[in-house]
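Here's the letter readout for the chains.
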Amino acid sequence: MKYKHLFFDLDHTLWDFETNEQETLLELYNRHGLESRGIPSFEAFSVSYVDHNERLWDRFRKGFITRRELRDKRFRLTLIDFKIGDEKLTQKISEEFLEILPYKKALFPEAKETLEYLAAKEYPMHMITNGFEETQLLKMKNAGIDHYFTHIVTSEVAGSLKPYREIFDYAIGKANTSATESIMIGDAMELDIKGAHGVGMDQVYFNPAKPPVDFQPTYVIGHLRELRNIL
């Protein structure tokens, strides 16, 4: 086999983040009666949250804010958009979001079947994720995919985030392998694909909605089952 070790991203690659996030936000919207508090629709609440969350995650990855600030600000800013300045409500929603989200189980089509196929071929598989340790481990366990992975490397434990080479070097070291014997499978061009390329690792870009523009990955797939044509 050309590749001896496989490295996966979790969110948006195996674990269907958008579906699970939307289910969690809807649960919170209804639980806390946010319509009666002045948020006219769930869609308005969701759009505002996603916008703030994506912007704050970008700032977190660049080292401008802390994990605590990320967790606190995304819901505070969302509620402020609707002129809600209730700090107790903000804190409650922030805490409950992190409690509920990891128990959602939606995966991308054929995620488990693909992992089973790769496991049957005796590929050692590992995870490299920018998520927080406790949250990511719970996601994988509750979705029933944690047992496929030998090493689960989170940015929190590695002390570095994708796309920086330190987290890739850390994961490669944990797996006791080399970049040239490994391949990275992920959905994020800047984080997964260019990050892996930066340490000399081949890549599988899984993102049919956003075809590559300025960089050509080693492989491009639109469905996880297509990994069978590569591995």
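Our structure's up above, just so we're on the same page.
Here goes a summary of the coordinates provided. Every chain's residues receive numbers from 1 upward, in the order its sequence appears when written. Reporting in this predicted model follows two pLDDT cut-offs: at least 70 for local features of residues, and 80 or more for side-chain atom pairs to be given and counted; totals over whole chains, interfaces and linings ignore these cut-offs and use all residues. Excluding hydrogens and water, the side-chain values take into account all heavy atoms of the structure.

## A word on the overall build of the chain
Helix and strand assignments come from DSSP, with helices taken as H or I runs of at least 4 residues and strands as E runs of at least 2, each series counted from the N terminus. Across its full length, the chain carries nine helices and six strands. The reference for a compact globule is 2.2 Å times residues^0.38; the radius of gyration itself is calculated from the C-alpha atoms. Here the C-alpha atoms of the chain give a radius of gyration of 18 Å, agreeing with the 17 Å that 2.2 N^0.38 yields for 231 residues. Across its three principal directions, the C-alpha atoms of the chain cover 60 × 35 × 35 Å. In what follows, a contact means two residues having at least one pair of non-hydrogen atoms within 4.5 Å. Long-range contacts, defined as pairs at least 24 residues apart, comprise 64% of the intrachain contacts of the chain with a sequence gap of at least 6. With residues, only the protein chains shown are counted as cover, and all accessible areas are computed by Shrake-Rupley using a 1.4 Å probe. For the chain, the exposed surface amounts to about 11000 Å²; the carbon and sulfur share of it is 51%.

## A word on the layout of surface pockets
Here a cavity means grid points, on a 1 Å grid over the protein atoms only, where a 1.4 Å probe fits yet cannot get out; a pocket means an open set of points with protein on both sides within 12 Å along at least five of seven lines; lining residues are those with an atom within 4 Å of a point. Grid points are joined across faces, edges and corners, and a volume is the space filled by probe spheres set on the points. In this structure, the largest pocket occupies an estimated 1200 Å³ of space. Along its surface, the largest pocket is lined by 44 residues, and His-12, Arg-61, Asp-187, Ala-188 and Leu-191 are the ones closest to its centre. Elements represented by at least two residues in the lining of the largest pocket include exactly α1 (17-31), α2 (42-61), α4 (87-100), α6 (133-142), α9 (189-198) and β5 (202-206). Here the nonpolar group is Ala, Val, Leu, Ile, Met, Phe, Trp, Tyr, Cys and Pro; Asp, Glu, Lys and Arg are the charged ones; every other residue, Gly included, is treated as polar. Broken down by class, the residue content of the lining of the largest pocket amounts to 20 nonpolar, eight polar and 16 charged.

## Description of unusual backbone geometry
Residue Pro-163 follows Lys-162 across a cis peptide bond; omega there is 20°. Here the phi dihedral of Lys-83 falls at roughly 60°; this positive angle occurs in a residue that is not glycine. Mapping Lys-83 onto the fold places it in the loop between α3 (67-81) and α4. With relative accessibility at 80%, the residue Lys-83 sits in the exposed group. Buried means the residue's accessible area, taken with a 1.4 Å probe over protein chains only, is under 20% of the maximum for its type, while exposed means over 50%, and partly exposed covers the values in between.

## Structural notes on the packing of aromatic side chains
When the centres of two rings from Phe, Tyr and Trp lie within 6.5 Å, Trp using its six-membered ring, the rings pair. Their planes under 30 degrees apart give stacked, over 60 give edge-to-face, and anything left gives tilted. Tallied over the entire structure, the rule returns 11 aromatic pairs. Among the aromatic residues, those joined into a cluster by ring pairs are Tyr-29, Phe-42 and Phe-45. Both a distance and an angle decide whether a charge sits over a ring: NZ of Lys or CZ of Arg must be within 6 Å of the ring centre and within 35 degrees of the ring normal. The cationic tip of Arg-67 hangs over the ring face of Phe-132; the distance from NZ or CZ to the ring centre is 5.4 Å.

## What about the sheet that holds strand β4 (residues 182-186)?
Note: strands within a sheet are paired through backbone hydrogen bonds, in either parallel or antiparallel orientation. Being paired, for any two strands, means DSSP has found at least two bridges between them. The strand order β3-β2-β1-β4-β5-β6 describes an open sheet built from six strands, whose pairing is parallel. The sheet is open, and its two edges are formed by β3 (149-154) and β6 (219-221), each paired on a single side. For this sheet the average axis-to-axis angle between neighbouring strands, irrespective of direction, equals 20°. Under this scheme, a helix contributes an axis fitted over its contacting stretch, all axes are lines through C-alpha atoms, and angles between N-to-C directions fall in the 0 to 180 degree range. Relative to the sheet, α6 contacts β2 (125-129) and β3, its axis offset from that of β3 by approximately 145°.

## Topic: the pairing of β2
Counting buried residues along β2, five of its five residues qualify, which places the element largely inside the surrounding structure. Burial along β2 is two-sided: the face carrying Met-125, Met-127 and Thr-129 and the face carrying His-126 and Ile-128 are both buried. Note that strand β1 (residues 5-8) and β2 share three bridges and pair parallel. Residue pairing across strands places Phe-8 opposite Met-127, the latter belonging to β2. Taken together, the five bridges between β2 and β3 define a ladder with parallel strand orientation. Pairing of His-126 across the sheet is with His-151, part of β3. Clockwise travel from the first strand over the helix to the second, with the strands pointing away from the viewer, marks a crossover as right-handed. With respect to chirality, the unit in which β2 leads through α6 into the neighbouring parallel β3 is right-handed.

## Focus on the pattern of salt bridges
The term salt bridge refers to a side-chain nitrogen of Lys or Arg lying within 4 Å of a carboxyl oxygen of Asp or Glu. The tally for this structure, following the rule as stated, stands at 19 salt bridges. Asp-202 is the salt-bridge partner of Lys-2, the closest N and O atoms lying 3.8 Å from each other. Taken together, the positions of Lys-2 in the segment before β1 and Asp-202 in strand β5 put the pair 200 residues apart, joining distant regions of the chain. We note a salt bridge from Lys-194 to Asp-214, for which the minimum N-O separation is 3.0 Å. Of the two residues, Lys-194 sits in helix α9 while Asp-214 sits in the loop between β5 and β6, which places them 20 residues apart along the sequence. By relative accessible area, which is 23% here, Lys-194 ends up partly exposed. When salt bridges with common partners are traced through the structure, they connect Glu-23, Glu-27, Arg-31, Lys-92, Glu-96 and Lys-104 into a single cluster.

## Remarks on the nonpolar core
One finds Leu-6, Phe-8, Leu-14, Phe-45, Met-125 and Phe-149 to be the most contacted residues of the largest nonpolar core, which totals 43 residues. To define a nonpolar core, start from buried Ala, Val, Leu, Ile, Met, Phe, Trp, Tyr and Cys residues and group those joined through side-chain atoms within 4.5 Å. Ile-128, Ala-158, Ala-175 and Val-199 belong to the second-largest nonpolar core, a separate cluster that totals 14 residues.

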